[in-house]
Amino acid sequence: MRNLYSDVISISSGPSDALNGTISPSLFNLFHLKHLDLSYNNFDYSKIHNQFFKLKSLVYLNLSNSMFSSLIKNQFANLSTLQYLDLSCSSVIFDFSSFSYSMLTLEGSYDYSSSYLPTSYVSSTNISWLRGLINLKILKLTGVDLSLASSVLSTNWAEPISVLSNLRELSLSSCSISGPFPLHEFHNLSSLSLLQMDSNTLSSPIPIQLANLTSLSVLDLNNCQLQGSVPYLPQLQYLDVSLNEDFMVDLVHMFNHPWSILQLLSITWTNVVGPIPSSISNASSLVYLLASHCSIRGSLPDSISNLTHLQYLDLSFNYLNGYIPHSISNLRNLQALNLIQNGLHGPMPKSICEISSLAILLARDNNLSGSVPSCVVKLRILKVFDVTGNNLTGAISFRSLFLGSNPVWISSSSNSLDVKIDVNYSLTSEFEELQTLGLQDCNLKGYIPTFICNMTQLSLLDLSFNNLIGSIPSCIFKLPHLSYLDLSNNNLEGTLPHSISLSQEYPISVLQLQSNKLQGPLPLPPKNVGLLDISDNEFSGEISKEVSERLSNTVHVSLSDNNLSGSIHSAICSRGSSLKVLEI
């Protein structure tokens, strides 16, 4: 134990230097102790000691995420000087404030709601022990099991919280709470600025009376099976009601009122009624607008360009139509624009090139037409560019389009684009971080450029449905992070290496080489490949026992339309085989 003669003990740790074992009883002889932080340690699923009540000078106590397994009874009941108490036993594994392109899935969308990783197993059958903590300002019980405390047999279960008149922050996320929102128990909390009750089963409307809590600025009720609609809560800066599929959001009605200080609105996976109204400009302070998968219809109003503070705009997987407004260039602070899978049509406006802060541009699976604006080269910090599945035309120079932007994600597949790649081009630093390269059906011609092998961070490479010829550079199979490789439907020929490996960073990898002119014996497939398709080639010879054993770890295998002979070794059907589909 460090700092035994101080009034502060802080041994908050990370995985590499966490304490192990149990708490020594000698700790509770430090009666003068004011600040105790033992978070993120490993106390080996021991109980929370019953001697904490002796530390009557404590102002700050943090025991969060430290591998306890305990029932909370009266361990903290007499700590009347306590102002901060954190007993959380689930760690948030995604915080939108740390959003980055690396969190996007291959489908181009991410679930922005919070999710939790259990790090302790703590429960409480009632929370009456809170009554004595009269000076408490911050209470964090994320992940503490309150299922029995809040059951139908426990009326007014949250009443002990109502006496904590100094409370400013209350976190009850993922506590297995069931039953309606405890409005009457919270109405005395006039100083409350943050309320998190996400990932519980409230099955009730948001009470309009929350407007009376004038200090409340953060309200997180995502994934709560909410009912009803959004009440007018003008004091909020942060409102998250995502993942409530029966919750109605009428944007027209909502923005008839001014939400002048609202900075984050997350309505992903809710039931939006009506279009985005021009009155959305009544939320002029918005920084994050997250509205994916919520059935929004209509067009993008020009007034959305009045949201000049906007940094993240996600309207993916909706039914938007019409044009991307030229006035979008007014969003000078925009960093991420996600319009995936809507019905937007018309050209991509050149004015988008004026948003110099833009790092993520996702417009795949729409009906956009015309050419990709050549001025995209002005977007010097562009990291993610995906316009797959539109009707875009024209020629693109692979190098000049992203010169200097150092991208990590490029995908322009399934358009009518003509992408020009100079095989003599020597890769420079602008593609060293590239993780995804999707150029399916882009009229690529000639040989696969070997400079791709210098893209050492590449995890997805899709050059399918092009006119590529020659052999596959063997160095591609040595890329350390590559887990998805699709070179199908080209005119590639030659043999493959005896053994092919793909990265094992992901549980399932994909290798598709079908519909080419590849020859020679079957290679030894990757160990962790989930989908292997090398059909419609000119492979010959027998399927060896070694290959069969490796194929038994594959979910879907297609070897049809080759010149293979002999029988398949029984090893392919060995005990524990993962094989579900075999096409020969």
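Residues numbered from 1 in each chain as written. Predicted model: local features only at pLDDT ≥ 70, side-chain atom pairs only at ≥ 80, totals over all residues. Heavy atoms only, no water.

**A closer look at the overall build of the protein**
Alright, step 1. When helices and strands are tallied, the protein shows five helices and 41 strands.
Alright, step 2. For the protein, with 584 residues in total, the buried portion stands at 53%.
Alright, step 3. Long-range contacts, defined as pairs at least 24 residues apart, comprise 58% of the intrachain contacts of the protein with a sequence gap of at least 6.
Alright, step 4. Of the accessible surface of the protein, which amounts to about 24,300 Å², a share of 49% is contributed by carbon and sulfur atoms. (Helix = DSSP H or I, 4+ residues; strand = E, 2+ residues; numbered from the N terminus. Buried < 20%, exposed > 50% of the residue type's maximum accessible area, 1.4 Å probe, protein only. Contact = heavy atoms within 4.5 Å. Areas by Shrake-Rupley, 256 points an atom, 1.4 Å probe, with all protein chains shown as cover.)

**Here's the deal with the environment of K56**
Alright, step 1. With respect to the helices, strands and loops of the structure, K56 is situated in the loop between β2 (35-37) and β3 (60-62).
Alright, step 2. For K56, a relative accessible area of 52% puts it in the exposed group.
Alright, step 3. Put simply, K56 and L30 are 26 residues apart on the chain and 9.8 Å apart in space, counted from C-alpha to C-alpha.
Alright, step 4. Sequence-distant contacts of K56, defined by excluding residues within four places in its chain, comprise L79 and T81.

**Focus: the side chain of S64**
Alright, step 1. Mapping S64 onto the fold places it in the loop between β3 and β4 (69-71).
Alright, step 2. Only 3.4 Å separates the side chain of S64 from the side chain of N65, close enough to count as a polar contact.
Alright, step 3. Setting aside chain neighbours within four positions, we find S64 in contact with S39, Y40, D86, L87 and S88. (Polar contact = N/O pair within 3.5 Å; in protein donor to acceptor, adjacent residues only side chain to side chain.)

**What about the state of the cysteines?**
Alright, step 1. Summed over the entire model, instances satisfying the criterion amount to two disulfides.
Alright, step 2. With a sulfur-sulfur separation of 2.0 Å, C353 is cross-linked through a disulfide to C375. On the sign convention where negative is left-handed, the bridge of C353 and C375, at about 65 degrees about the S-S bond, is right-handed. Of this pair, C353 sits in the loop between β22 (345-347) and β23 (360-362) while C375 is found in the loop between β24 (367-371) and β25 (384-386), placing the two residues 22 residues apart along the sequence. (Disulfide = S-S within 2.5 Å.)

**Overview of the packing of aromatic side chains**
Alright, step 1. Going through the model one piece at a time under the given rule, you end up with nine aromatic pairs.
Alright, step 2. Plain terms: the ring middles of F43 and F68 are 5.1 Å apart, the flat faces sit at 20 degrees to each other, and that makes the pair stacked. Of this pair, F43 sits in the loop between β2 and β3 while F68 sits in the loop between β3 and β4; the two residues are 25 residues apart in sequence, bridging distant segments of the chain. By the burial criterion, F43 is buried, and F68 matches it.
Alright, step 3. Note on F181 and F186: the rings are 5.9 Å apart at their centroids and 90 degrees apart in plane angle, and the pair reads as edge-to-face. (Phe/Tyr/Trp six-rings, centres within 6.5 Å; stacked < 30°, edge-to-face > 60°.)

**Remarks on the nonpolar core**
Alright, step 1. W129 and L172 are the most contacted members of the largest nonpolar core, which has 159 residues in total.
Alright, step 2. Contributions of two or more residues to this core are made by α2 (183-186), α3 (251-254), β26 (391-397), β28 (416-420), β37 (529-533) and α5 (545-551).
Alright, step 3. Not counting chain neighbours up to four residues away, the residues in contact with L172 comprise L141, L146, W157, I161, I177, F186, Q196, M197, D198 and N200.
Alright, step 4. Counting 14 residues, the second largest nonpolar core, distinct from the first, contains L290, Y312, A359 and L362. (Core = buried A, V, L, I, M, F, W, Y, C linked by side-chain atoms within 4.5 Å.)

**A closer look at the pattern of salt bridges**
Alright, step 1. As enumerated under the stated definition, the model contains five salt bridges in all.
Alright, step 2. As a salt-bridge pair, D365 and R364 come within 3.5 Å of each other at their nearest N and O atoms.
Alright, step 3. We classify D365 as partly exposed; its relative accessible area is 30%.
Alright, step 4. Given a relative accessible area of 17%, R364 falls into the buried group.
Alright, step 5. Where K383 meets E433, a salt bridge forms, and the shortest distance between an N and an O atom there is 3.5 Å. Of this pair, K383 sits in the loop between β24 and β25 while E433 sits in the loop between β28 and β29 (436-438), placing them 50 residues apart in sequence. (Salt bridge = Lys/Arg side-chain N within 4 Å of Asp/Glu carboxyl O.)

**Concerning the sheet that holds strand β32 (residues 467-470)**
Alright, step 1. Across the sheet, which stays open at both edges, the six strands sit in the order β30-β32-β34-β36-β38-β40 with parallel pairing between neighbours. Only two strands of the sheet have a single neighbouring strand rather than two, namely β30 (445-447) and β40 (563-565). Averaged over all neighbouring strand pairs, the angle between strand axes comes to 15 degrees, with direction disregarded.
Alright, step 2. Summarising the sheet, β32 and strand β34 (residues 491-494) pair through two bridges and their orientation is parallel. Its bridge partner being in β34, G470 is matched across the sheet by L492. (Pairing = 2+ DSSP bridges. Axes fitted to C-alpha atoms, helices over the stretch in contact; angles between N-to-C directions.)

**Considering the sheet that holds β28**
Consider a sheet: its strands pair through backbone hydrogen bonds, and that pairing is either parallel or antiparallel.
Alright, step 1. Ordered by their spatial adjacency, four strands build an open sheet running β22-β24-β26-β28, and the pairing between neighbours is parallel. Looking at which strands have only one partner, the edges of the open sheet turn out to be β22 and β28. Taking each pair of neighbouring strands and ignoring which way they run, the sheet shows an average axis angle of 20 degrees.
Alright, step 2. Pairing geometry for β24 and β26, over three bridges, is parallel. Looking across to β26, one finds that S371 is bridged to T393.

**With respect to the pairing of β32**
Alright, step 1. By the bridge criterion, three bridges tie β30 to β32 in an arrangement that is parallel. Note that in β32 the partner of Y447 across the bridge is I469.

**Let's talk about the side chain of Q514**
Alright, step 1. Residue placement: Q514 occurs in the loop between β35 (509-512) and β36 (517-520).
Alright, step 2. Setting aside anything within four residues of it in sequence, one finds Q514 in contact with S488, N489, D533, I534, S535 and N537.

**As for the environment of L531**
Alright, step 1. Looking at the element boundaries, L531 is found in strand β37.
Alright, step 2. A relative accessible area of 24% places L531 in the partly exposed class.
Alright, step 3. In sequence terms L531 and V557 are 26 residues apart; their C-alpha atoms lie 6.2 Å from each other.
Alright, step 4. Not counting chain neighbours up to four residues away, the residues in contact with L531 comprise S509, V510, L511, Q512, T554 and H556.

**Comments concerning the confidence of the model for the protein**
Alright, step 1. Of the residues in the protein, 89% reach a pLDDT of 70 or more, and the chain-wide mean stands at 88.
Alright, step 2. A low-confidence stretch, residues 93-113 (pLDDT under 50), is modelled with 56 contacts involving residues beyond four sequence positions or located in other chains. (pLDDT = per-residue confidence, 0-100.)

**As for unusual backbone geometry**
Alright, step 1. The phi torsion at D44 lies on the positive side, around 55 degrees, for a residue other than glycine.
Alright, step 2. With respect to the secondary-structure elements, D44 resides in the loop between β2 and β3.
Alright, step 3. Overall, the relative accessible area of 53% leaves D44 in the exposed class.
Alright, step 4. One non-glycine residue, Q341, lies in the positive phi region at around 50 degrees.
Alright, step 5. Position of Q341 among the secondary structure elements: in the loop between β21 (336-338) and β22.
Alright, step 6. With a relative accessible area of 39%, Q341 lands in the partly exposed category.

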